Amino acid sequence: MSVASVRRAAKESVSGLPRAFWWLWASTLVNRLGAFVSIFLAMFLTADQGHSASFAGFVGALLGLGSVVSSIGAGVMTDRLGRRPTLLIAQSSTAVSVAVLGFMTDPVAISVVAFVVGMAGNASRPAVQAMMADIVAPEDRVRAFALNYWAINLGFAISSVAAGFVAEHSYLIGFLGEAAMTMLCAVLVFVKLPESRPDAAAADGGAKGTEPAVSMRTVLRDGRFMAVVGLSFLLAVVFLQSQVALPVAMADAGFSTKDFGMAIAVNGILIVAVQIPVTRFIEHRDQRMLMVLAALLGGYGFGLTAFAGSLAVYMLTVCVWTLAEIINSPIQMGLVARLSPVHGRGRYQGMYTLSWATASLIAPVAGGTVIDRFGADALWAGCAVVGTITAGGYWLLMRRVPATGLATGAGAETAPEAAGPAAEGASEAAPGAASEAGPEEPGVRPSAGAPA
């Protein structure tokens, strides 16, 4: 490939997106560059503070529980208060609570503040994802979500290295550093990002003074969307086996922490290296079948771990399920946006975020329990089964989603965007409410998990 063709591909990957998107993208990158605490929190609690490993695990669970609790509330705030106010509240609260956590020594105080950090940190996700769907044209959303996911992983890769150096000098510097970077994100939002929430009255057909027709009951009654949430949860449980089950299984097999670090590093390196070109390759293809493919690659990528007897094979399995992650993340984000009514995006995104937050609580416990009772091979076989079930679910679900509605090429979604989102669920629960179709959704990395 010539230098000119590389330049042309890079230009096409980033061109055509609005200025507001790039400020939001920059905010995401800055946020992940400062993500020190989640990396060294367990070491801080055990090595520096002298607490037990079980207490460190309990604090980690409280962080996850805080994320679960805030998912729905943040989604409602995003719709009622607006995207920008929710981001400002979430990021400012995160900055303050992270800084306070660095000074805590009492176990009860640490537990309470950690729960607040989990709530505040997760509260920005529905707002970010809703704002991105607001400001990016439907045909560009999958590409925009891919670029945002790339920023999350690039920032996390850099912060992972930086966290090690910071922790060697002072854990407190890490806490304060993350607080400062998160506050910088809030400043960027305040200075550069206007409110993007569509006017509720306009969305309701001009009925001034009325509340948006979408409620949490609307979301729960939207069968097609809740099916997406359920399938997302299943796939997230598989992906999140990389956080606890994989290192435990490798250790039981005689591999060192260094070996695990090298294997899991493939995940971040591959995402940073190929996320954008892979997205360019898949964006004009049938995304219904790509969702099925991603679920199969995720399930069988972890399933292949049962046959890993060397570091090279472990790294190969990471490559397989990372490719699944790369394909799934932007397309699924786009699907969530497509199924979300314009004036209910926050609630829909909050429910989607809840699927990943809940999976982050369940996956470590489920993986550890299966390994203890049945062995690691049973867990990897289970991942293959869950991936197959999820692929079947996507195949059945996506038969009901028009291919034109998922295309991301020029001119895609023109009719659906004007007509409304998947009207089956939302319209049924809120008759007459205008809604929109257009891709969006998170990748939550999570990881991965973790949406930003």
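Located above this text is the structure these notes cover.
This is a predicted model, so every value here is computed, not measured. (Residues numbered from 1 in each chain as written. Predicted model: local features only at pLDDT ≥ 70, side-chain atom pairs only at ≥ 80, totals over all residues. Heavy atoms only, no water.)

### A look at the overall build of the chain
Right, so step 1: A tally of helices and strands in the chain yields 21 helices and zero strands.
Right, so step 2: For the chain, buried positions account for 54% of its 452 residues.
Right, so step 3: Roughly 17,800 Å² of accessible area belongs to the chain as shown, and the carbon and sulfur atoms make up 68% of that amount. (Helix = DSSP H or I, 4+ residues; strand = E, 2+ residues; numbered from the N terminus. Buried < 20%, exposed > 50% of the residue type's maximum accessible area, 1.4 Å probe, protein only. Areas by Shrake-Rupley, 256 points an atom, 1.4 Å probe, with all protein chains shown as cover.)

### Remarks on the side chain of R143
Right, so step 1: Position of R143 among the secondary structure elements: in helix α7 (residues 141-169).
Right, so step 2: You can call R143 buried: its relative accessible area is 10%.
Right, so step 3: For R143, the side chain forms a polar contact with the side chain of D140, separated by 3.0 Å. (Polar contact = N/O pair within 3.5 Å; in protein donor to acceptor, adjacent residues only side chain to side chain.)

### Comments concerning the packing of helix α11 (residues 223-239) against helix α16 (residues 345-374)
Right, so step 1: α16 packs onto α11 with a crossing angle of 30 degrees between their chain directions and a minimal axis gap of 8 Å. When the interaxial angle is binned, α11 and α16 end up roughly parallel. Viewed along their axes, α11 and α16 form a crossing whose handedness is right-handed. Contacts from F225, M226, V229, S232, F233, A236, V237 and F239 of α11 reach α16 at Y348, M351, Y352, S355, W356, T358, A359, I362 and A363.
Right, so step 2: Considering only residue class, the contact of α11 with α16 consists of 14 nonpolar, three polar and no charged. (Axes fitted to C-alpha atoms, helices over the stretch in contact; angles between N-to-C directions. Parallel < 35°, antiparallel > 145°, perpendicular 65-115°, else oblique. Left-handed = near helix turned anticlockwise from the far one by under 90°. Contact = heavy atoms within 4.5 Å. Nonpolar A, V, L, I, M, F, W, Y, C, P; charged D, E, K, R; others polar.)

### A few points about the nonpolar core
Right, so step 1: By size, the foremost hydrophobic cluster in this structure holds 82 residues, and its most contacted members are F21, F225, M250 and W380.
Right, so step 2: When residues of this core are assigned to their parent elements, the largest contribution, eleven residues, is made by helix α15 (residues 311-338).
Right, so step 3: Beyond its immediate chain neighbours, meaning those up to four positions away, W380 contacts Q241, A245, L246, A249, F302, G303, T305 and A306. (Core = buried A, V, L, I, M, F, W, Y, C linked by side-chain atoms within 4.5 Å.)

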